[in-house]
Amino acid sequence: MPDEFTLKVSFLAGVVLVVSLFVSPYFRRDLMLDAIPTVGFSDPILSYLSAVQYIFDSVRMLKDGYEKTRPGLFKIAGFRRWRVLAAGSGLIEDVRRAPDDVLSMYEATKESLQTEYTLDLLNPTDAYSTDVIRSKLMRDVAVTFKEVREELIMAMDDFIPTSEDKWVKVPILQTLQRVICRTTNRIFVGVPLCRDHEYQTLNMAFATNVVKSGRIISLFPKPLKLIVSRMLSNLPSQIQQEIEFIKPMVEERFAKMEEYGEDWDDKPNDMLMWLMSEAKGVERSPEGLARRLLGINLAAIHSTSLTLVQVLYRLLANPEYIGPIREEVDAVITAEGWTKAGMDKMHKIDSFLRESQRVDGFTLLTMSRLALRPFTFSNGVTIPAGTIVSIPASDTHRDERIYPNAVEFDGFRFAKLRESVGDTMTSRYQSVSPSSEHLAFGLGRHVCPGRFLAVNEMKALFAYIVATYDIKFEEGKGAPREVWIAGMRLPGTANVMFRTRQE
């Protein structure tokens, strides 16, 4: 029997299809878009078939459009509006340079995740938390590395108890999500809250719930969105739980700020403290801070854990890389110890991560923007207000004109490129470095501000796993089958066998 959630979604899907078919065609046709090639149907009514098809066949549809038009534009129908895909470095640069009041990342994210109904900040126009991430979090990556390293080791020991003579079966996705959540929150809220099992579960569930609920709510016309959100979502109760977790800490810290000012002995150096120091008005309340923390955790846990799982799947499917990577890790640790400087010298680890991001990204699209006004690309084509613009990242990453043997996984591709160029050019091939050819973190002023912490965590955890454990798939099994829904990779579940390293 289908579960309650499946029944609700099925019922609501029928409602949205009927409403869309009878209402949306009157608003759907725009002559400006007629000049842009279409993947699927262009007809206002029949295009809904293409919108449904995209949910289950997004990989092929995007590939077809990319191969036929690059460099150029193509479009695919959505349920509520058209999405225009910009392929080629020149058009990517157009999107990167477009002002926010013309092509808005904020409005595109608001529509995709339906933040008004999932994570409604008390003052959504105040971007102070992004400024905090760009300043404090990026600047303090080296300072906080010792804590990150300490926490991930403790988390791995707690969640994967191993011995030298016995293999342990580990559900790798769920386990790494919890390790990443705990390690990240060592920097966000500190000890002991980061180690609280219920707090970890809350933040992991919230990240999944926002993405899932946002996708479903986005299908519905505005009059139905609030009803749908209340039927599907338990997000309000999760926000209340977050408030209850952090409220005692917030009140204690504000009391010390009132007594001692901005500095005192043993003042915490974590995300919550940074937010409290910068927040204004309603954002200084426990509720305002809780919503900010949940949003930051959403970005940190979801993408980082999915990326790292794919990295491990690639390593296990290509075990010939284990030896050379271990040699590099052992040599660097002997010379530098487990330090941020040591992480920076692990070129093979960094290359393997960057190549996995290129081949195994968890989303097909990036840099999505909502046109608030008509926008003209450098090729002379104009799109109307109300159009979504995205970059086909996965197809860019698999373009033979950019990467030789692009469909093949070459774990040391970027390490070899770093060796082939001068010292001043090596940074362009690092995992944290975005470009129009490698879009894992986006590009331009809206590039992921937390990428330095994310890469630092992934490299440290990847290096620790390789140096500490022997790992393999279960006997007779491999990586889970790849499944894509509406341009998003569904995280496959597989067990990975761990034991203490024998060599």
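Just so you know, these numbers come straight off a predicted model, no measurement behind them.

## Regarding the packing of helix α14 (residues 322–336) against helix α19 (residues 451–468)
Contact geometry of α14 with α19 gives a least axis separation of 9 Å together with a crossing angle of 105°. Accordingly, the angle class assigned to the pair α14 and α19 is roughly perpendicular. Contacts from Ile322, Ile325, Arg326, Val329 and Asp330 in α14 reach Phe462, Ala463, Val466 and Ala467 in α19. Here the residues of the contact of α14 with α19 sort into seven nonpolar, no polar and two charged.

## Here's the deal with the side chain of Arg489
Along the polypeptide, Arg489 turns up in strand β11 (residues 488–489). A distance of 3.3 Å separates a polar atom in the side chain of Arg489 from the backbone oxygen of Asp360.

## Description of α14
One turn of an α-helix holds 3.6 residues; hence residues three or four places apart share an orientation. Compared with an ideal rise of 1.5 Å per residue, which puts 15 residues at 21 Å, α14 spans 21 Å between its outermost C-alpha atoms and is within 8% of the ideal. Looking only at α14, the buried set comprises Ile322, Ile325, Arg326, Glu328, Val329, Val332 and Ile333. Angularly, the buried residues of α14 cover 160° about the axis, an arc narrow enough to put them on a single face. Turned more than 90 degrees from where α14 packs its buried face, Glu327, Thr334 and Ala335 sit exposed. Along its buried surface, α14 packs onto α13 (286–317), α15 (340–344), α16 (347–360), α19 and β9 (469–473). Following α14 by one or two positions, Gly337 adopts a phi angle in the positive range, close to 75°.

## Observations regarding the environment of Gln502
By secondary structure assignment, the location of Gln502 is in the segment after β12 (495–500). Along the primary structure Gln502 and Glu164 are separated by 338 residues, whereas in three dimensions their C-alpha atoms are 6.6 Å apart. If we ignore the near neighbours within four places in the chain, the residues touching Gln502 are Glu164 and Asp470. Polar side-chain contacts of Gln502 include one of 3.0 Å to the backbone oxygen of Thr500.

## Digging into the side chain of Gln114
Mapped onto the fold, Gln114 is located in the loop between α5 (105–113) and α6 (128–139). With a relative accessible area of 6%, Gln114 lands in the buried category. Ignoring sequence-local partners within four residues, the contact set of Gln114 consists of Thr109, Gly214, Ile217, Ser218 and Lys225.

## Observations concerning the sheet that holds strand β1 (residues 72–77)
The five strands are arranged β1-β2-β8-β5-β3 in an open sheet whose pairing can be described as mixed. In this open sheet, the two strands that pair with only one neighbour each are β1 and β3 (103–104). Packing against the sheet, helix α3 (residues 47–69) makes contact with β1 and β2 (82–87), and its axis sits at approximately 165° to β1. Running at roughly 100° to strand β5 (residues 366–371), α5 makes contact with β3, β5 and β8 (388–391) of the sheet.

## A word on the UniProt feature "binding site: heme" (unreviewed entry) in the chain
In the numbering used here, UniProt assigns the "binding site: heme" (unreviewed entry) feature to Cys448. Counting through the fold element by element, Cys448 comes out in the loop between α18 (413–420) and α19.

## Considering the state of the cysteines
Applying the stated rule across the entire model yields zero disulfides. For Cys181, which is in no disulfide, the shortest distance to another cysteine sulfur is to Cys194 and amounts to 9.0 Å.

## A closer look at the pairing of β2
Of all six residues in β2, five are buried; the element is thus mostly enclosed. As judged from the six bridges shared by β1 and β2, these two strands associate in the antiparallel manner. Looking at β2, one finds that Lys75 is bridged to Val84. Linking β1 to β2, which pair antiparallel, is a turn of four residues. Two elements, β2 and β8, share three bridges in a ladder whose sense is parallel. Bridging from a neighbouring strand, Arg83 pairs with Ile388 of β8.

## Considerations on the packing of aromatic side chains
In total, this model carries 14 aromatic pairs according to the counting rule given. Measuring from ring centre to ring centre gives 4.9 Å for Tyr321 and Phe412, while their planes differ by 90°; the resulting arrangement is edge-to-face. Of this pair, Tyr321 sits in the loop between α13 and α14 while Phe412 sits in the loop between α17 (393–397) and α18, and the two are 91 residues apart along the sequence. On the basis of relative accessibility, which here comes to 10%, the residue Tyr321 falls in the buried class. For Phe412, a relative accessible area of 14% translates into the label buried. Seen in terms of ring centroids, Phe375 and Phe377 are 5.0 Å apart; in terms of plane orientation they differ by 80°. Their pairing is edge-to-face. Exposure remark for Phe377: the relative accessible area of 2% places this residue in the buried category. An aromatic cluster of three or more residues is present, and its members are Tyr321, Phe352, Phe409, Phe412 and Phe462. Just above the ring of Tyr403 sits the side chain of Arg358; from NZ or CZ to the centre is 4.9 Å. Seen from the ring of Trp167, Lys472 lies directly overhead, with NZ or CZ sitting 4.4 Å from the centre.

## Details of the sheet that holds strand β4 (residues 168–171)
A sheet is described by the order of its strands in space; here three strands give the open sequence β4-β12-β9, paired in antiparallel fashion. Either end of the sheet is taken by a strand with one partner, and the two such strands are β4 and β9. Sheet twist, expressed as the average angle between the axes of neighbouring strands with direction ignored, equals 35°. Alignment of β4 against β12, held across four bridges, turns out to be antiparallel. Bridge pairing links Lys169 to Met497 in β12. Running over the sheet, α19 touches β9 and β12 and is turned about 95° from β9.

So, how was this worked out
Residue numbers here run from 1 along each chain, matching the order of that chain's written sequence. Local features are withheld for residues below a pLDDT of 70 in this predicted model, meaning they are given only at 70 or higher, and side-chain atom pairs are given and counted only at 80 or more; totals for whole chains, interfaces and linings count all residues. Computation of side-chain values covers all heavy atoms of the structure but excludes hydrogens and water. Axis definition: a line fit to C-alpha positions, over the contact stretch in the case of helices; interaxial angles, taken between N-to-C directions, run 0 to 180 degrees. Secondary structure is summarised from DSSP: a helix means a run of H or I of at least four residues, a strand means a run of E of at least two, and numbering begins at the N terminus for each. Roughly parallel here means an angle under 35 degrees, roughly antiparallel means over 145, roughly perpendicular means 65 to 115, and every remaining angle is called oblique. Two residues form a contact once any of their heavy atoms are found within 4.5 Å. Residues are sorted three ways: Asp, Glu, Lys and Arg are charged, Ala, Val, Leu, Ile, Met, Phe, Trp, Tyr, Cys and Pro are nonpolar, and all the rest, Gly among them, are polar. Here a polar contact is taken to be a pair of N or O atoms separated by no more than 3.5 Å, where protein atoms must pair a possible hydrogen donor with a possible acceptor and residues adjacent in sequence count only if both atoms sit in side chains. To estimate how far a helix should reach, multiply one less than its number of residues by 1.5 Å. Residue burial is assigned from relative accessible area. The probe radius is 1.4 Å, only protein chains are included, and a residue is buried under 20% of its type maximum, exposed over 50%, and partly exposed in between. As used here, the arc belongs to the directions running from the helix axis to the C-beta atoms. We call two strands paired when DSSP finds no fewer than two bridges between them. UniProt positions are given in the numbering used here, feature names are shortened, and annotations may be inferred rather than shown by experiment. Only a pair of cysteine sulfur atoms within 2.5 Å qualifies as a disulfide here. Working definition: a ring pair exists when centres of Phe, Tyr or Trp rings (six-membered ring for Trp) sit within 6.5 Å. Plane angles under 30 degrees give stacked, over 60 give edge-to-face, the rest tilted. Note on criteria: charge over ring means Lys NZ or Arg CZ within 6 Å of the ring centre, with the direction from the centre no more than 35 degrees off the ring normal.

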